[in-house]
Amino acid sequence: MFELRPYQKDFIADIRNAFREGHKRVCGVMPCGAGKTLATADMTKKSAAKGKRVVFMVHRKELIEQTSKTFTAMDIEHGIISSQVQPDYDLPVQIASVQTLINRLDKIASPDFLIVDECHHIEAETYKTIVKQWDCHLLGLTATPIRMGGKTLHDSFDALVIGPSINELIEQGYLADCEYFASTATNLDDLKIRAGEYTNESMSRTLDRMEVIGDVVQSYINHALGRKTICYCINVEHSVHLADTFNDRGVRAAHLDGNTYSTERADIIEQFRRGEIDVLCNVELFGEGFDVPDMDCVILARPTKSLTLFIQQAMRPLRPDPSNPDKKAIILDHVKNFERFGALTKNRQWSLDENPITEPEEAPTKLCPNCFEEIPLGARECPECGYKFDFEDIKQGDGKMIKIYASDEKLTPLIKYFRSVERRRGYKKGWAAFKSLEYARNIDDCYEIAAVCEYKKGWGFHKWRDIEKYRSNPHNRQLILPTLVEPGA
């Protein structure tokens, strides 16, 4: 029998409170790996016990299988609505594939409770048709309540319930810690954008070249050799080329994509789970719901403009591993996602406000370790203090990767980095301090920000108090937000 974690119990209680307050469409947000399915399975079981009908809707076959296993383990009798599966429409609980459900709406009794997994997809026409079909309570689950271009889910939900942050789950031991490495060399200036995302043609032209592929393989050898790794690729050709190059360099690798036969896919995944394959190169797979606890590295070889896709992919190795309590994941970012979105563990302020959530794109920079000045990412000498980056500073083994963030380290370098940005760009005093608060994990971090930014210690105390209020009040966060956002330039 599963035992809910304290934060999962709080998450369920907050969702119930939102429904009791009269909201009928609630979006629940928790990080990848926090156990959203387990929490909602508990809600499903209790709803069914009261005679309610529940439909749990997912969009991938793997997620149907995973959810079904969880429901079975929790003694929830359920039917499955999916192609090539014998349905039992009389059962009060159904796990449904979006693609199949849309064609069987006339065969299913109206549920009392509709749960939409990975609900950042809910604005798609198929989802909207299903949601409009039934007048019932709606719960959406996601780690990222935004759409392409940073647009919110304002039109689909009327309440937002936010669970713990990534940093909180790392501190409590429910997620593994991580180190983040980023490429200093890959030039993405020529990438084209269509419909809010990079085009496949331009990504392939820029990144499916042997010198770039060689860099990806070499950085794995330098920083993560032997680690169980998923590599996210642009397209089939790119994925095959990477897998072949890994194998040529003595690293056991395999390729998978959506057209791989299901039996072959299952066999390769099982080999990966058993440790017979080190690197799993894939195209548009394993971004949602893929759980291999001892997988502890991802390679980002596919750039994206989607914050949702970035977080879904980068968080895959943060699942805790019971056999390795000191696990620290490695993220190898060859496509500058960090520059577009900031740190994976950044405390993002989710909202259902109509205004889109956007983050400015800036020229790539790095921090001088001597004077903490912001300088061009490829600079070999600091123009401010003359510090010369030695061979290791620049090359980091393969000439391309530098470690830019580890969530268990002091914030001082990051704070000084923001202060240098504040000074060089003429921002109002205080911008750096408020920007640094996005990375605060505890009150000591707030005290550290206060000290570096030359504020009194009490400033740090009050800011941490504001952050705690913000995190604990999912229904009135807009009242606290003004004290947390940066004051502006």
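Thresholds applied
Residues numbered from 1 in each chain as written. Predicted model: local features only at pLDDT ≥ 70, side-chain atom pairs only at ≥ 80, totals over all residues. Heavy atoms only, no water. 1 Å grid on protein atoms, 1.4 Å probe; cavity = no way out; pocket = protein on both sides within 12 Å on 5 of 7 lines; lining within 4 Å. Points joined across faces, edges and corners; volume = space filled by probe spheres on them. Helix = DSSP H or I, 4+ residues; strand = E, 2+ residues; numbered from the N terminus. Nonpolar A, V, L, I, M, F, W, Y, C, P; charged D, E, K, R; others polar. Buried < 20%, exposed > 50% of the residue type's maximum accessible area, 1.4 Å probe, protein only. Pairing = 2+ DSSP bridges. pLDDT = per-residue confidence, 0-100. Contact = heavy atoms within 4.5 Å. Axes fitted to C-alpha atoms, helices over the stretch in contact; angles between N-to-C directions. Core = buried A, V, L, I, M, F, W, Y, C linked by side-chain atoms within 4.5 Å. Parallel < 35°, antiparallel > 145°, perpendicular 65-115°, else oblique. Left-handed = near helix turned anticlockwise from the far one by under 90°. Polar contact = N/O pair within 3.5 Å; in protein donor to acceptor, adjacent residues only side chain to side chain. Salt bridge = Lys/Arg side-chain N within 4 Å of Asp/Glu carboxyl O.

**Considering empty space enclosed by the protein**
The rolling of a water-molecule-sized probe over the atoms marks out the regions of remaining empty space.
Then, in step 1: The full count for this structure, using the stated rule, is two cavities of 30 Å³ or more.
Then, in step 2: Here the second largest cavity is characterised by a volume of approximately 50 Å³.
Then, in step 3: Along its surface, the second largest cavity is lined by ten residues, and Leu 207, Val 212, Val 216, His 238 and Ala 301 are the ones closest to its centre.
Then, in step 4: When residues in the lining of the second largest cavity are grouped by element, the largest group, three residues, is from helix H8 (residues 210-223).
Then, in step 5: Its residues assigned to classes, the lining of the second largest cavity shows seven nonpolar, three polar and no charged.

**Side note on the pairing of strand E15 (residues 328-333)**
Then, in step 1: Among the six residues in E15, five count as buried, and that is most of the element.
Then, in step 2: Sheet topology note: the strand E8 (residues 177-183)/E15 ladder contains six bridges and is parallel. The residue of E15 that forms the bridge with Cys 178 is Ala 329.
Then, in step 3: Looking at chain direction, strand E14 (residues 297-300) and E15 are connected through four bridges and run parallel. Residue pairing in the sheet places Cys 297 in a bridge with Ile 330 of E15.

**Looking at the confidence of the model for the protein chain**
Then, in step 1: When the pLDDT values of the protein chain are averaged, the result is 82; 83% of them are 70 or greater.
Then, in step 2: Under a pLDDT of 50 for its full length, residues 359-364 has, in the predicted model, twelve contacts with residues more than four places off or in other chains.
Then, in step 3: Counting contacts from residues 474-489, a segment whose pLDDT is below 50, to residues more than four positions away or on other chains yields 41 contacts.

**Observations regarding the sheet that holds strand E5 (residues 113-116)**
Then, in step 1: Read across the open sheet, the seven strands follow the order E3-E4-E2-E5-E6-E1-E7; overall the sheet is parallel. Of all strands in the sheet, those with a lone pairing partner are strand E3 (79-81) and strand E7 (159-162), marking the two edges. When the angles between neighbouring strand axes are averaged without regard to direction, this sheet yields 20°.
Then, in step 2: Two strands pair when backbone bridges link them, and strand E2 (residues 54-58) and strand E4 (residues 93-97) are joined in this way by five bridges, in the parallel orientation.

**Looking at the nonpolar core**
Then, in step 1: In terms of nonpolar packing, the biggest core is built from 97 residues, with Leu 101 and Leu 300 touching the most fellow members.
Then, in step 2: Residue contributions to this core peak at six residues, all from helix H1 (residues 6-20).
Then, in step 3: Each residue touching Leu 101, except ones within four places of it in the same chain, is listed here: Val 55, Met 57, Ile 81, Ala 96, Ile 108, Ile 130 and Trp 134.
Then, in step 4: In terms of nonpolar packing, the next biggest core, distinct from the first, is built from 22 residues, Ile 415, Trp 431, Phe 434 and Tyr 439 among them.

**As for the packing of helix H2 (residues 36-49) against helix H3 (residues 61-73)**
Two quantities define a packed helix pair, namely the angle between the axes and the distance from one axis to the other.
Then, in step 1: H3 packs onto H2 with a crossing angle of 50° between their chain directions and a minimal axis gap of 10 Å. What the angle tells us is that H2 and H3 run oblique. The element H2 and its partner H3 pack so that their crossing is right-handed. From H2, Thr 37, Leu 38, Ala 41 and Thr 44 reach across to H3, where they touch Thr 67, Thr 70 and Phe 71.
Then, in step 2: A breakdown of the residues in the contact of H2 with H3 according to their chemical character gives three nonpolar, four polar and no charged.

**Observations concerning the side chain of His 120**
Then, in step 1: Locating His 120 in the fold gives a position in the loop between E5 and helix H5 (125-133).
Then, in step 2: His 120 gets classed as buried once you look at its relative accessible area, which sits at 9%.
Then, in step 3: Among the polar contacts made by the side chain of His 120, one reaches the side chain of His 121 at a distance of 3.4 Å.

**Here we look at the pattern of salt bridges**
Then, in step 1: Under the defined criterion, the tally for this structure stands at ten salt bridges.
Then, in step 2: In this structure, Lys 24 engages Asp 135 in a salt bridge whose closest nitrogen and oxygen atoms are separated by 2.8 Å. Taken together, the residues span a long stretch of sequence, with Lys 24 in the loop between H1 and strand E1 (25-29) and Asp 135 in the loop between H5 and strand E6 (137-142) at a distance of 111 residues.
Then, in step 3: Residue classification places Asp 135 among the exposed residues on the basis of a relative accessible area of 66%.
Then, in step 4: A salt bridge links Asp 278 to Arg 252; the shortest N-O distance between them is 2.9 Å. Placement of the pair is Asp 278 in the loop between helix H10 (262-274) and strand E13 (279-282) and Arg 252 in the loop between helix H9 (236-248) and strand E12 (253-256), with a sequence separation of 26 residues.
Then, in step 5: Overall, Arg 252 belongs to the partly exposed group, its relative accessible area being 41%.
Then, in step 6: Three or more residues joined by partner-sharing salt bridges are found here, namely Glu 270, Arg 274 and Glu 276.

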